[in-house]
Amino acid sequence: MNKTFESLERRAFHSFWNDGLLDLMLGLVLLVMGLAWWQGVPVFGAVFPAACMAMWYPLRRRLVEPRLGFVEFSGQRVGKVRRFRVGLIGFLAGAMVIGLLVLALWQSAILARPAEWIAGFPLVLLAIPALLFALFTKCKRFLWYALLMLLAAVGLVINALEPYAGLLACGVVISVSGGVLLVRFLAQYPRAEAASE
Amino acid sequence: MSAEESPADLDRLLHEPARLQALVQLAVVSRADFTWLLQQTGMSRGNLSVQMSKLAEAGVVKVEKRFHNNRPQTLYQLTSHGRAALQQYKESMQRILNALPDQG
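The text that follows walks through the structure, step by step, so that each part is easy to find. (Residues numbered from 1 in each chain as written. Chains lettered and ligands numbered in written order. Predicted model: local features only at pLDDT ≥ 70, side-chain atom pairs only at ≥ 80, totals over all residues.)

## Considering the pairing of strand E3 (residues 71-78) of chain B
Residues and elements named next belong to chain B. Direction of pairing for strand E1 (residues 29-33) relative to E3: antiparallel, over a ladder of two bridges. Counted as the bridge partner of Asp 33 is Leu 75 from E3. As paired elements, strand E2 (residues 61-68) and E3 share eight bridges and run antiparallel to each other. Along E3, the bridge assignment pairs Lys 62 with Gln 77. Count of turn residues in the E2/E3 antiparallel hairpin: two residues, of which Asn 69 carries a positive phi of about 55 degrees. (Pairing = 2+ DSSP bridges. Helix = DSSP H or I, 4+ residues; strand = E, 2+ residues; numbered from the N terminus.)

## Re the interface of chain B and chain A
Taken together, the 23 residues of chain B in the interface contact 21 residues of chain A. Among the elements of the structure, helix H1 (17-27), E1, helix H2 (34-41), helix H3 (45-57), E2 and E3 of chain B are those that each provide at least two residues to the side of chain B that touches chain A. Of the residues forming the side of chain B that touches chain A, the biggest block, six residues, is contributed by H2 of chain B. Classifying every residue of the side of chain B that touches chain A by side-chain character gives 10 nonpolar, nine polar and four charged. Two elements, strand E1 (residues 71-73) of chain A and E1 of chain B, share three bridges in a ladder whose sense is antiparallel. Residue pairing across strands places Val 71 of chain A opposite Ala 32 of chain B, the latter belonging to E1 of chain B. (Contact = placed C-beta atoms within 7 Å. Nonpolar A, V, L, I, M, F, W, Y, C, P; charged D, E, K, R; others polar.)

## Side note on the nonpolar core
Counting 29 residues, the largest nonpolar core has Leu 30, Leu 123, Met 149, Leu 167 and Cys 170 of chain A as its most contacted members. Every element with two or more residues in this core is listed here: helix H2 (21-38), helix H6 (121-137), helix H7 (140-158) and helix H8 (163-188) of chain A. Element by element, the count of residues in this core is highest for H2 of chain A, at 10 residues. Apart from the residues within four sequence positions on either side, Cys 170 of chain A is in contact with Leu 30, Leu 123, Leu 148, Met 149 and Ala 152 of chain A. Core analysis: the second largest hydrophobic core is formed by 23 residues, Ala 22, Leu 23, Ala 32 and Leu 75 of chain B among them. (Core = buried A, V, L, I, M, F, W, Y, C linked by C-beta atoms within 7 Å. Buried ≥ 20, exposed ≤ 12 C-beta atoms within 10 Å, placed from the backbone.)

## Quick look at the packing of H6 of chain A against H7 of chain A
All names here are of chain A. Where H6 meets H7, the closest approach of the two axes is 8 Å, and the angle between their N-to-C directions is 165 degrees. In this view, H6 runs roughly antiparallel relative to H7, as classed from their interaxial angle. Read as a crossing pair, H6 and H7 show a hand that is left-handed. Two secondary-structure elements touch here, H6 through Leu 123, Val 124, Leu 126, Ala 127, Ala 130, Leu 131, Phe 133 and Ala 134 and H7 through Lys 140, Phe 142, Leu 143, Tyr 145, Ala 146, Met 149, Leu 150, Ala 152 and Ala 153. When grouped by side-chain class, the residues that make up the contact of H6 with H7 number 16 nonpolar, no polar and one charged. (Axes fitted to C-alpha atoms, helices over the stretch in contact; angles between N-to-C directions. Parallel < 35°, antiparallel > 145°, perpendicular 65-115°, else oblique. Left-handed = near helix turned anticlockwise from the far one by under 90°.)

## Describing the environment of Leu 151 of chain A
Summarising the element assignment, Leu 151 of chain A is placed in helix H7. Residues Leu 151 of chain A and Leu 123 of chain A, 28 residues apart in the sequence, show an inter-C-alpha distance of 9.2 Å.

## Observations regarding the sheet that holds E3 of chain B
Read from one edge to the other, the open sheet built from four strands follows the order E1(A)-E1(B)-E3(B)-E2(B), with strand pairing classed as antiparallel. Two strands close off the open sheet at either side, each with one partner strand: E1 of chain A together with E2 of chain B. Between one strand axis and the next, the sheet turns by 20 degrees as a mean value, whatever way the strands run.

## Details of H6 of chain A
Given 3.6 residues per turn, any residue in an α-helix points the same way as the ones three and four places further on. Residues and elements named next belong to chain A. Look at H6: 25 Å from first C-alpha to last across 17 residues, which is about the 24 Å you get at 1.5 Å a residue. Within the span of H6, buried status applies to Pro 122, Leu 123, Leu 126, Ala 127, Pro 129 and Ala 130. Take H6 and look down its axis: the buried residues cluster within an arc of 165 degrees, on one side only. Residues of H6 that are buried make contact with H2, helix H5 (75-107), H7 and H8. Lys 138 lies just past H6 and shows a positive phi near 65 degrees. (Expected span 1.5 Å × (residues − 1). Arc of directions from axis to C-beta.)

Right under this line is the structure:
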């Protein structure tokens, strides 16, 4: 593929992610994780992202596909997406397991009281996939979400706040952003009666 | 411009902005449905439908009709003949434009 075709393919791939559904899910994940942490049930917060990942495609098929249409990208792109997804799931699963393990060790007092900077660690862990996703899809707003999470992590440490405060704050902002994008998308692209002539 | 190649020799099926636009969209993906092409090209349903029918009749695109999510769906895919025709068109166009003297 030459440069013009590559850029067209990238534009088509980029437009695939502009509906706001993923943003809304990311925001909800942060909100639920924050609430679960606040209420002392962090395990629920760890399970919810997996449920969201499983729900994304059926929701996309129901809400987005009838409006934006169906596309199957080239084999090369499909391979890249598969590798990225496997890497992302591996990273998130690893981060969750390590997070829950460390939390359990603190609660059982096996580990010493953590340093103050650790409060920002969950948000830093979540900012990394957002940053990688932004680079992969060229969706700049995910870069802003990653930056927001990193700034919130710093804010938590400086103000000696609990991690859930940062998760909730970022969750609200990203959910609202995703919600606005989704509403705009639904208004801009009316549902086609049929995806045929 | 070479004696063998002139704008009049360009593939007229492809040398039409609406059809070319749809073909270029199909060239960068594996396959896409009517709605996707509609959104990406910004054409009207009627215009896109007419252009895609012409491309299908010429064997440039393959058409597959199916039900997806309980809705009728028409999928389009560039055929190998279509890919070759698009490549040929691109090369011809490049040669013609390269032979054009610089203006100003």
